[in-house]
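Descriptive analysis of the structure
Given next are the chains, with one letter for each unit.
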Amino acid sequence: MTAGTPELPVIYSVDDDDIDREFLVRSLAGAGIENPCRTFSSGEELLDALLDVLRGAPAPLAVFVDVKMAGMSGLDVLRWIRVQNDLRGVPVIMLSSSDAPPLLTEAMQFGAQCYAAKFPTAEQLREIVHAAREFSSAAAAAIAFPLRCNLLLEARHAVS
């Protein structure tokens, strides 16, 4: 960064698989997303960083959360984030290789903005990050992003 250039907000990503964490970081960069990505290997590690946000550190632009992790699951992480009022404006994007209806239903109920198959394409990542910027700047309520890769939209239509 040059002097006077504001730093881009950081994207957080949590996944208990080293290869998947690295793949998402490379995919974001490959998609032309310039925001730095800070990775975490467990839900507990992510929560420590989010506690720093609650103490005044800058909030992430978005949090990518693997649904199925050892220890604290992605849905546990999502539930914790959503009960923190000061994190309401942080979009949570669930990533999973499973599109099982119970997982989608829980993600929807707990306030995820997006549930995408592992791994989104470069175009989908650009759309997700763009939607996260709009969501964060609007301090929007927990709603689904209007993205083609968002499986929550399909689940909502199936329930209606």
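Here, residues in each chain are numbered from 1, in the same order as that chain's written sequence. Only residues with pLDDT of at least 70 get local features here, since the model is predicted, and only at 80 or more are side-chain atom pairs given and counted; chain-wide, interface and lining totals rely on the full set of residues. The side-chain figures draw on all heavy atoms in the structure; neither hydrogens nor water molecules are used.

Let's talk about the pattern of salt bridges
As a reminder of what qualifies: We define a salt bridge as a contact between a side-chain nitrogen of Lys or Arg and a carboxyl oxygen of Asp or Glu at a distance within 4 Å. A run of H or I in DSSP becomes a helix once it reaches four residues, and a run of E becomes a strand once it reaches two; helices and strands are each numbered from the N terminus. For every residue, the accessible area obtained with a 1.4 Å probe (protein chains only) is divided by the maximum for its type, and the residue is called buried under 20%, exposed over 50%, and partly exposed between those limits.
Taken as a whole and assessed by the stated rule, the structure comprises eight salt bridges. Here arginine 26 and glutamate 22 are joined by a salt bridge, their closest N and O atoms 2.8 Å apart. Of this pair, arginine 26 and glutamate 22 both sit in helix H1 (residues 18-30), separated by four residues, roughly a single helical turn. Judged by its relative accessible area of 60%, arginine 26 falls in the exposed class. Looking at glutamate 22, the relative accessible area reads 38%, which means it is partly exposed. Of the charged contacts in the structure, one is a salt bridge between aspartate 76 and arginine 79, with a shortest N-O distance of 2.2 Å. Of this pair, aspartate 76 and arginine 79 both sit in helix H3 (residues 74-82), three residues apart, roughly one helical turn. Here aspartate 76 falls in the partly exposed class, since its relative accessible area comes to 27%. One continuous salt-bridge network, built from bridges that share partners, spans Asp15, Asp20, Asp66 and Lys118.

Here's the deal with unusual backbone geometry
For the bond running from lysine 118 to phenylalanine 119, omega is 0°, close enough to zero to count as cis. The topology assignment puts phenylalanine 119 in the loop between strand S5 (114-117) and helix H5 (122-138).

Remarks on the packing of H3 against helix H4 (residues 101-109)
What counts here: For helices, the axis comes from a line fit to the C-alpha atoms of the stretch in contact; other axes are also lines fit to C-alpha atoms, and the angle between any two N-to-C directions lies between 0 and 180 degrees. By the definition adopted for this analysis, an angle is roughly parallel if under 35 degrees, roughly antiparallel if over 145, roughly perpendicular if from 65 to 115, and oblique otherwise. Left-handed is the label given to a crossing in which the near helix is rotated counterclockwise from the far helix by less than a right angle, and right-handed is the label when the rotation is clockwise. We call two residues contacting when some pair of their heavy atoms lies within 4.5 Å.
Orientation of H3 relative to H4, taken along the N-to-C sense of each, is 15°, at an axis distance of 10 Å. When the axis of H3 is compared with that of H4, the two are roughly parallel. Where H3 crosses over H4, the handedness of that crossing is left-handed. Contact residues: Leu75, Leu78 and Arg79 in H3; Leu103, Glu106 and Ala107 in H4.

So, the packing of helix H2 (residues 43-54) against H3
The relative placement of two packed helices is expressed as an angle between their axes plus a distance between the axes. Where H2 contacts H3, the axes come no closer than 10 Å and their chain directions differ by 15°. As the angle between them shows, H2 and H3 are arranged roughly parallel. Remark: the crossing between H2 and H3 carries right-handed chirality. Along the contact surface, H2 presents Gly43, Leu46, Leu47, Leu50, Leu51 and Leu54, while H3 presents Val77, Trp80 and Ile81.

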